[in-house]
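Reading the structure
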Amino acid sequence: MYPIETIELTKIYRKTSQGIEGIEKISLKLSEGQILSLLGPNGAGKTTFIKIITSQILPDSGEVFIYGNPLCKIIKESQILIRQQIGYLPETPFFYAKLTGWEFARFMESIYNCPLEEGGSLSFHSIADAFNLTSHLNKLIASYSQGMLRKLVLCFAITFGKKIIILDEPSNGLDPDSYLTLKDILRECRAQKRAILLSTHHLSLAQEIADEIAIFHQGHIKCKVKNDGSVEVLYKKIIHEVKNIE
Ligand SMILES: Nc1ncnc2c1ncn2[C@@H]1O[C@H](COP(=O)(O)OP(=O)(O)OP(=O)(O)O)[C@@H](O)[C@H]1O
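Residues numbered from 1 in each chain as written. Predicted model: local features only at pLDDT ≥ 70, side-chain atom pairs only at ≥ 80, totals over all residues. Heavy atoms only, no water.

The name an unreviewed UniProt entry gives the protein chain is ABC transporter related protein, with Caldicellulosiruptor saccharolyticus as the organism.

**A few points about the sheet that holds strand 9 (residues 212–217)**
Note the cut-off: Strands qualify as paired when DSSP identifies two bridges or more between them. Runs of H or I in DSSP of at least four residues are treated as helices and runs of E of at least two as strands, each being numbered from the N terminus. Every angle, taken between N-to-C directions, lies between 0 and 180 degrees, and every axis is a line fitted to C-alpha atoms, over only the stretch in contact when it is a helix.
As summarised here, the arrangement of the six strands in space is 6-7-8-3-9-10, forming an open sheet in which the pairing is mixed. Pairing within the sheet leaves two strands with one partner each, and these edge strands are strand 6 (86–89) and strand 10 (220–226). Averaged over all pairs of adjacent strands, the angle between their axes in this sheet comes to 15°, without regard to strand direction. In this sheet, strand 8 (residues 195–199) lies alongside strand 7 (residues 164–168) in parallel orientation, the contact comprising five bridges. Residue pairing in the sheet places Asp168 in a bridge with Ser199 of strand 8.

**Quick word on the packing of helix 3 (residues 101–112) against helix 5 (residues 146–160)**
Spelled out, the test is: Put simply, angles under 35 degrees are roughly parallel, angles over 145 are roughly antiparallel, angles from 65 to 115 are roughly perpendicular, and the rest are oblique. For any pair of crossing helices, the crossing counts as left-handed if the nearer helix is rotated counterclockwise from the farther one by less than a right angle, and right-handed if it is rotated clockwise. Note on contacts: a residue pair qualifies if any of its non-hydrogen atoms lie within 4.5 Å across the two residues.
One way to put it is that helix 3 packs onto helix 5 with a least axis distance of 11 Å and a crossing angle of 30°. Considering their axes alone, helix 3 and helix 5 lie roughly parallel with respect to each other. Where helix 3 crosses over helix 5, the handedness of that crossing is right-handed. Between helix 3, through Gly101, Phe104, Ala105, Met108, Glu109 and Tyr112, and helix 5, the contact on the second element is made entirely by Leu152, Phe156 and Phe160.

**A closer look at the state of the cysteines**
Using the following cut-off: Pairs of cysteine sulfur atoms within 2.5 Å are what we label disulfides. Burial status follows relative accessibility: with a 1.4 Å probe on protein chains alone, a residue under 20% of its type maximum counts as buried, one over 50% as exposed, and anything between as partly exposed.
Under the defined criterion, the tally for this structure stands at zero disulfides. With no disulfide of its own, Cys114 has Cys189 as its nearest cysteine by sulfur position, at a separation of 13 Å. With no disulfide of its own, Cys155 has Cys189 as its nearest cysteine by sulfur position, at a separation of 11 Å. By relative accessible area, which is 0% here, Cys155 ends up buried.

**Examining the site of the ligand**
Just so we agree on the cut-off: The nearness test applies per residue and asks whether one of its heavy atoms lies within 4 Å of the molecule or strand. Polar contact criterion, stated in full: a pair of N or O atoms within 3.5 Å, where within protein one must be able to donate a hydrogen and the other to accept it, and residues adjacent in sequence count only if both atoms are side-chain atoms.
Taken together, 13 residues lie around the ligand, and Gly43, Lys46, Thr47, Thr48 and His201 are the ones closest in. At 3.0 Å, a side-chain N or O of Asn42 approaches an oxygen atom of the ligand. Those elements that provide at least two residues to the shell around the ligand are strand 2 (20–30) and helix 1 (46–53). Sorting elements by how many residues they give to the shell around the ligand places helix 1 first, with three residues.

**Observations regarding the sheet that holds strand 4 (residues 61–66)**
One open sheet holds the four strands; their spatial order is 2-1-4-5, and the pairing between them is antiparallel. Since the sheet does not close on itself, it has two edges, and those belong to strand 2 and strand 5 (69–70), each with one partner. The pairing of strand 4 with strand 5 spans two bridges and is antiparallel. The residue of strand 5 that forms the bridge with Phe65 is Pro70. Against the sheet, helix 1 contacts strand 1 (4–15), strand 2 and strand 4, and its axis sits at roughly 125° relative to strand 1.

The following block contains the structure:
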């Protein structure tokens, strides 16, 4: 059974002369201990795909299976239980600016029903330390820089994603040191057999960390391959091919 399997996932916002806006018939599988990176131009459908898997929006058709459990056709209460298994970094996270980092972390702990202290080197405390965030946790979130905000939510995604982690643009706003830390943490998560879905515009991140690459374009997967270390060349080739067809 796969941590994540999607079958012909479709969500069409609009049809245009160029094609569709949204996603159409996306079938993907993500195994334990695997990092799958979604790549593609702006508007290709990566976030729409992630929003359906994290049950923020419903597809028009198709289904998502989380460890074999259908996500879209079940009642809300069961969806919440499944969501608790998924550590998630949204493209645009929401914050309570008037809480301190610690207060927000305790709030998230109660939502996920998962102690912050759990997880050894991948506990909230350890990850916050690794990201040099610990000394800021007593400060109001309103005073955080963009990078600190991103790192705080990355801490949540990794702490709570004991089996599945979904990251939408995780490296945005990270300083070089934190970027290196992120890669180390993701490698450790993979070693623990977690399944990781990663959407990024940074080809180097995908190249260095992903096991598989899926390139989205106008709501479809144009290419899904194992990462052989030539992501940049592959990406250029695929985007060049689709441009020539258009
Ligand atoms: N709520 C919405 N209502 C209408 N159209 C939407 C909505 N959300 C996304 N779209 C459209 O669906 C398409 C896919 O958007 P999506 O955000 O999934 O792309 P993306 O690959 O994540 O892009 P980016 O790399 O810029 O984040 C775009 O054409 C976008 O305008």
